[in-house]
Amino acid sequence: MYRWVEHTAELELAIEAPTQEAVFEEALAAYAELVGPSLEGEQVVHSVEVEAPDRAALLAAWLDELVFLAETEAFVPERAEIALSPGAVSARVVGHHGDPPHVVKAVTYHELEFSPAGAGWQARVVLDV
């Protein structure tokens, strides 16, 4: 489950998920909703690999890569097969080309969080828009 939280000149994404992989899947779903629908047509697949020293920074790097693909290739993600290792995430990201708006200037480290919560995980990331 994810939800957007109002924030001045920024968007805060709060995520709750049963697994760490699901946190990354929910982040993709939220970003896909933000950049709009993909266009029908041929499916596009990207291999994404990012590294970071901890899970919170890894989540920021993951979203940075999704923003990069939207900006440079008009790619709107739909789903991903995600594999996590201690300092990296590897994924096969499936989507389509679309017309994503240029809404995200940067993924910030302001109030960045990724931590256990009950029987699952919670995360928070702020996007500069």
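Note that residues are indexed from 1 along each chain, following the sequence as it is written. Reporting in this predicted model follows two pLDDT cut-offs: at least 70 for local features of residues, and 80 or more for side-chain atom pairs to be given and counted; totals over whole chains, interfaces and linings ignore these cut-offs and use all residues. With hydrogens and water excluded, all non-hydrogen atoms of the structure serve as input to the side-chain values.

(A) Just the overall build of the chain, in detail. Starting at the N terminus, helices and strands are each numbered in turn, a helix being any DSSP run of H or I of at least four residues and a strand any DSSP run of E of at least two. Tallying secondary structure elements over the chain gives two helices and eight strands in all. Helices and strands appear in the chain in the N-to-C order β-β-α-β-α-β-β-β-β-β. The principal-axis extent of the C-alpha atoms belonging to the chain is close to 40 × 35 × 25 Å. Think of it in three bands: residues with accessible area under 20% of the maximum for their type are buried, residues over 50% are exposed, and the middle band is partly exposed, with areas taken using a 1.4 Å probe on protein chains only. When each of the 129 residues of the chain is scored for burial, the buried share is 48%. We call two residues in contact when some of their heavy atoms are within 4.5 Å. When contacts within the chain are restricted to residue pairs at least 6 apart in sequence, those whose partners lie at least 24 apart make up 65%. Each accessible area value is a Shrake-Rupley result obtained with a 1.4 Å probe; residue values ignore everything except the protein chains displayed when judging cover. Approximately 6600 Å² of the chain is accessible, and the part contributed by carbon and sulfur atoms is 51%. Positive charges are assigned to Lys and Arg, negative charges to Asp and Glu, while His and the chain termini are left out of the count. Here the site of a charge means NZ on Lys, CZ on Arg, CG on Asp, or CD on Glu. When the 6 basic and 23 acidic side-chain charges of the chain are each reduced to a single mean position, those positions are 3 Å apart.

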